[in-house]
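# Breakdown of the fold
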Amino acid sequence: MKLKVLIIGGTGYIGKRLVKASLEQGHDTYVLQRSDIGLHVEKVQMLLSFKKQGARLLIGSFDNHRSLVEAVKQVDIVICTISARMGDAMEQGRAIFDEKMVVRKAIEDAGIPFTYVSANCFAGIFVGGLCQVGRFIPSWESVVLYGDGNRKAVFMDEDDVAAYTIRTIDDPRTVNKTVYLRPPANILSQREVVGIWEKLIGKELKKSSLSEQDILNIMKEKDLAEQGVWSHCYHFFYQGCLANFEVEDDAEEAFLLYPDIKYTKMEDYLKQYI
Ligand SMILES: NC(=O)c1ccc[n+]([C@@H]2O[C@H](COP(=O)([O-])OP(=O)(O)OC[C@H]3O[C@@H](n4cnc5c(N)ncnc54)[C@H](OP(=O)(O)O)[C@@H]3O)[C@@H](O)[C@H]2O)c1
């Protein structure tokens, strides 16, 4: 079914892929253009390129209620690039999730049908750097493991996140549910990610390790924004919070709903870096 889809955050890292996927899957695609976009000429160019590809731009912002209402009125579906399963996150990293929860509660209180897409670790941010904070390119020499490196997390190619998300929008099976993106082949430990890379480059990396206490000490020395990043890592790679639970009965797994989507496995993702 062809729908009118508004993407909020369409100029962002994940949002731009959602715009592309929505257009590719044949929907009338609208992108919220912030009136206060400022001096970000590359974002203006990106918005113009969306327009060229057939998207419509709607001026608005989360900070301007009326503009948001006007934009939302024009469409059938709104995709907002926010979501979380971190209710018990440490204080340093939870501010971002608390804000998201306010939005979720407002949606549910208003009785608006929703689908939460739980996207897990974006591969470009996590797999490229072999899960190390602040690294986006894999080393050919060494890697620092979190503890023993054996806690499982879930890694997703960002284009697959977008493709699955757009598939949910006209699917009655996903209404008022959480859809987890966790295809089995992409549930991996950091050590397994490193092992895939080592196999690809035909070389074993030198390994060192950060204990749980090391990471807590590092966090103390960082500013608040960086503490947030480290705290996410702590929960993912020491506590295993992304993979240590069963998907609830009332939730869905995207790879089961859409078996026709051939998701990217991390071996193929890492080949890009060679
Ligand atoms: N799972 C993961 O591995 C992972 C990794 C990173 C992020 N995330 C999550 O993914 C989500 C999106 O992150 P991202 O990296 O794509 O973000 P991003 O690149 O920083 O983009 C943020 C987007 O939100 C828009 N925006 C910001 N404030 C807004 C407002 N007041 N009103 C309307 N639009 C506003 C920005 O518009 P402008 O371009 O106009 O500023 C931009 O399009 C976040 O919830 C983040 O927590 C997940």
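The residue numbers shown here count from 1 along each chain, following its written sequence. The predicted origin of the model limits local features to residues at a pLDDT of at least 70 and limits the giving and counting of side-chain atom pairs to 80 or more, whereas totals for whole chains, interfaces and linings rest on all residues. As a rule here, side-chain values come from all non-hydrogen atoms in the structure, and water together with hydrogens is ignored.

Selection criterion: UniProt positions are given in the numbering used here, feature names are shortened, and annotations may be inferred rather than shown by experiment.
Looking at an unreviewed UniProt entry, one finds the protein named (+)-lariciresinol reductase and attributed to Cynara cardunculus var. scolymus. Here the protein is described in UniProt, under the heading Sequence similarities (unreviewed entry), as follows: "Belongs to the NmrA-type oxidoreductase family. Isoflavone reductase subfamily." Of the protein, the UniProt comment under Subunit (unreviewed entry) reads exactly: "Dimer."

## Focus on the sheet that holds strand β6 (residues 121–122)
Selection rule: Paired strands, as defined in this entry, are two strands with at least two bridges between them according to DSSP. Segments assigned H or I by DSSP are reported as helices when at least four residues long, segments assigned E as strands when at least two residues long, and all are numbered from the N terminus. Here, residues are in contact when the closest pair of their heavy atoms is within 4.5 Å. Interaxial angle, 0 to 180 degrees, is taken between N-to-C directions of lines fitted to C-alpha atoms, where a helix line uses only the stretch in contact.
Read across the sheet, 3 strands follow the order β6-β8-β10 without closing on themselves; strand pairing throughout is mixed. Strands with a single pairing partner mark the edges of an open sheet, and in this sheet they are β6 and β10 (187–189). As paired elements, strand β8 (residues 152–156) and β10 share 3 bridges and run antiparallel to each other. Opposite Val154, over in β10, you have Ile187 as the bridge partner. Sitting on the sheet, helix α6 (residues 158–168) is in contact with β6 and β8, with an inclination near 80 degrees to β8.

## A closer look at the site of the ligand
Note the threshold: Residue proximity to a molecule or strand is established when one non-hydrogen atom of the residue lies within 4 Å of it. Polar contact is the term for a pair of N or O atoms within 3.5 Å; when the atoms are in protein, one must be able to donate a hydrogen and the other to accept it, and sequence-neighboring residues count only if both atoms are side-chain atoms. To measure how exposed things are, a 1.4 Å probe is used in the Shrake-Rupley method; for residues, cover is taken only from the protein chains shown.
Neighbouring residues of the ligand: 20 residues in total, closest Thr11, Arg34, Lys43, Lys100 and Asn120. One of the backbone N or O atoms of Asn120 is found 2.4 Å from a nitrogen atom in the ligand. Between the ligand and the protein, one listed contact pairs an oxygen atom with a backbone N or O atom of Phe122 at 2.8 Å. Notes on the ligand: free accessible area 930 Å², of which the protein chains cover 70%. Mapped by element, the contributors of at least two residues to the shell around the ligand are α4 (91–109), β6 and α5 (123–126).

## Structural notes on the sheet that holds strand β12 (residues 252–253)
Taking strand neighbours across the sheet as the criterion, the 3 strands line up as β5-β9-β12 in an open arrangement whose pairing is parallel. On the outer flanks of this sheet lie β5 (115–118) and β12, each paired with one strand and no other. Across 2 bridges, strand β9 (residues 177–180) lies against β12 in parallel orientation. Opposite Tyr180, over in β12, you have Glu253 as the bridge partner.

## Considerations on the state of the cysteines
Here is the rule we go by: A pair of sulfur atoms, both from cysteines and within 2.5 Å, is called a disulfide here.
If you walk through the whole model with that rule in mind, you get 0 disulfides. As a non-bridged cysteine, Cys131 has Cys121 as the owner of its nearest cysteine sulfur, 7.2 Å distant.

## Structural notes on unusual backbone geometry
Positive phi is not limited to glycine here, since Asn120 has a value of about 65 degrees. Along the polypeptide, Asn120 turns up in the loop between β5 and β6.

## Regarding the pairing of strand β3 (residues 56–59)
Relative to β3, strand β2 (residues 28–33) is paired through 4 bridges, and the arrangement is parallel. Looking across to β3, one finds that Val31 is bridged to Leu57.

## Looking at the side chain of Ser139
In this structure, Ser139 sits in the loop between α5 and β7 (142–146). Only 2.8 Å separates the side chain of Ser139 from the backbone nitrogen of Glu141, close enough to count as a polar contact. Not counting residues within four places of it along the chain, the set of residues in contact with Ser139 comprises Leu130, Trp197 and Leu205.

## Here we look at the pattern of salt bridges
Stated formally: What counts as a salt bridge is simple: a side-chain nitrogen of Lys or Arg found within 4 Å of a carboxyl oxygen of Asp or Glu. The buried label applies to any residue whose accessible area, calculated with a 1.4 Å probe on protein chains only, is under 20% of its type's maximum; exposed applies above 50%, and partly exposed to all values in between.
One pass over the structure, following the stated rule, counts 14 salt bridges. Note that Lys2 is salt-bridged to Asp28, the shortest N-O span being 3.6 Å. Placement of Lys2 in the segment before β1 (4–8) and of Asp28 in strand β2 is noted, with a sequence separation of 26 residues between them. Taking the relative accessible area as the measure of exposure, Lys2 reaches 57% and is therefore exposed.

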